[in-house]
Amino acid sequence: MLFRFGTAMSLDLTIYGERWSHAQADELVADGLVATRNVGNARTIGAEGRLRWSLGHALKIDLSAMVQSARLESGGGTDIDDPRIPAVPELALRGDVERALSIAGWRGTARVGLRYTGATHLSFDPTVDRRARGRLEADAGLALARDGWLLSLSATNLTNRRSNVFPFGNPFRVRAEPQRTPPRPRTLGLTIGRDF
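On a predicted model such as this, the values are computed, not experimentally measured, just so you know.

A.B. asks: Please explain the overall build of the protein as it appears in this structure.
C.D. replies: Along the protein, the regular secondary structure elements total 0 helices and 11 strands. Relative to a compact globule of 196 residues, whose C-alpha radius of gyration would be 16 Å, the protein shows 22 Å and is clearly more extended. Referenced to the eigenvectors of the C-alpha coordinate spread, the extents of the protein come out at roughly 65 × 40 × 30 Å. Within the protein, the fraction of its 196 residues that count as buried is 28%. Nonlocal contacts in the protein, meaning residues at least 24 apart in sequence, comprise 55% of its contacts between residues at least 6 apart. Accessible surface, the protein: about 12,300 Å² in total, of which carbon and sulfur atoms supply 58%. The centroid of the 27 positive side-chain charges in the protein is displaced by 8 Å from the centroid of its 21 negative side-chain charges.

A.B. asks: Any chance you could explain the sheet that holds strand β5 (residues 91-103) here in plain terms?
C.D. replies: Strand pairing within a sheet occurs via backbone hydrogen bonds; the two strands may be parallel or antiparallel. Here we have 9 strands laid out as an open sheet, ordered β1-β2-β3-β4-β5-β6-β9-β10-β11, and antiparallel in their pairing. Unpaired on one side and paired on the other, β1 (2-5) and β11 (187-194) mark the two borders of the sheet. Taking the axes of each pair of neighbouring strands and ignoring which way they run, one obtains an average angle of 15 degrees across the sheet. Inspection of the sheet shows β1 paired to strand β2 (residues 9-28) by 4 bridges, in the antiparallel sense. Note on β2: the bridge partner recorded for F3 is L11.

A.B. asks: For this particular structure, what's the right way to read the pattern of salt bridges?
C.D. replies: Oppositely charged side chains are able to pair whenever their charged atoms sit close together. One pass over the full model with this rule turns up 16 salt bridges. For R50, the salt bridge identified is with D62, shortest N-O distance 2.5 Å. On the criterion of sequence distance, the pair formed by R50 in strand β3 (residues 34-55) and D62 in strand β4 (residues 59-74) is long-range, its members being 12 residues apart. Between R94 and D139 there is a salt bridge, with its nearest N and O atoms 3.2 Å apart. Separated by 45 residues along the polypeptide, R94 in strand β5 and D139 in strand β9 (residues 135-146) bring together distant segments of the chain. The exposure class assigned to R94 is partly exposed, which follows from its relative accessible area of 22%.

A.B. asks: Honestly, the nonpolar core in this entry has me stumped. Any pointers?
C.D. replies: With 9 residues, the main nonpolar core is built from A23, A25, V39, A42, A70, L72, I80, I85 and F124. Counting residues per element, the ones that place at least two in this core are β2, β3 and β4.

The rules behind each value
- Note on numbering: residues in each chain are counted from 1, in written sequence order.
- Where local features are concerned, this predicted model is filtered to residues with pLDDT of at least 70; where side-chain atom pairs are given and counted, the filter is 80 or more; whole-chain, interface and lining totals use all residues.
- To obtain the side-chain values, all non-hydrogen atoms of the structure were used and water was disregarded.
- We count a stretch as a helix when DSSP gives it H or I for four or more residues in a row; a strand needs E for two or more, and each element gets its number in order from the N terminus.
- In this treatment the radius of gyration is a C-alpha quantity, and the globule benchmark scales as 2.2 Å times the residue count to the 0.38 power.
- When a residue's accessible area, from a 1.4 Å probe over protein chains only, is under 20% of the maximum for its type it is buried; when over 50% it is exposed; and in between it is partly exposed.
- Contacts are assigned to residue pairs with any non-hydrogen atoms lying within 4.5 Å of each other.
- Method for areas: the Shrake-Rupley scheme with a 1.4 Å probe, in which residue coverage is limited to the protein chains shown.
- Think of it this way: Lys and Arg go in the positive column, Asp and Glu in the negative one, and His and the chain ends go nowhere.
- All charge positions are set by atom: Lys at NZ, Arg at CZ, Asp at CG, Glu at CD.
- Whether two strands pair comes down to DSSP finding at least two bridges between them.
- To define axes, lines are fitted to C-alpha atoms, for helices over the stretch in contact only, and angles between the resulting N-to-C directions are given on a 0 to 180 degree scale.
- For this document, the term salt bridge refers to a Lys or Arg side-chain nitrogen within 4 Å of an Asp or Glu carboxyl oxygen.
- Residues belong to a common nonpolar core when they are buried Ala, Val, Leu, Ile, Met, Phe, Trp, Tyr or Cys residues joined through side-chain atoms within 4.5 Å.

This is how it looks when you write it as structure tokens:
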């Protein structure tokens, strides 16, 4: 559902739900290979929302949120301790602020954003299940144009966070030692282009 409040603000809301019969999931077997098995019936319910707000011609705010519950309802056997669907966060938030600007004849936009991804876990199998805590990341960008020239600066993971994004690496060693996957480190980018 899309709601408009004049020309400056809009709110987009979505509510969803689905059921799966005979859902399947990957399972790590004893030799380190992956097999697929039936884990039972599952359901997902959730809601998403996005608010876009223009404060004059120069400043824009874009906020979004997702809340969901995805879990097994029946079946799957007694060896499943955590019925939540693996790798599916229950909460995600995003916020962006963008400003139009002019610098020495160059015109463009500057943007900064924050993104939060909620906690997840790795597997239905309790012997290899791992937890990934919620994480907050920041990014920013600057795009400018003048006389056919284009200049773009970007920065991701501004705070250089090292939180675990997906706690699984080598399937042959996952039962023997801790494993973690950090996010991409702080990355800066510069792009220069020319229109002809």
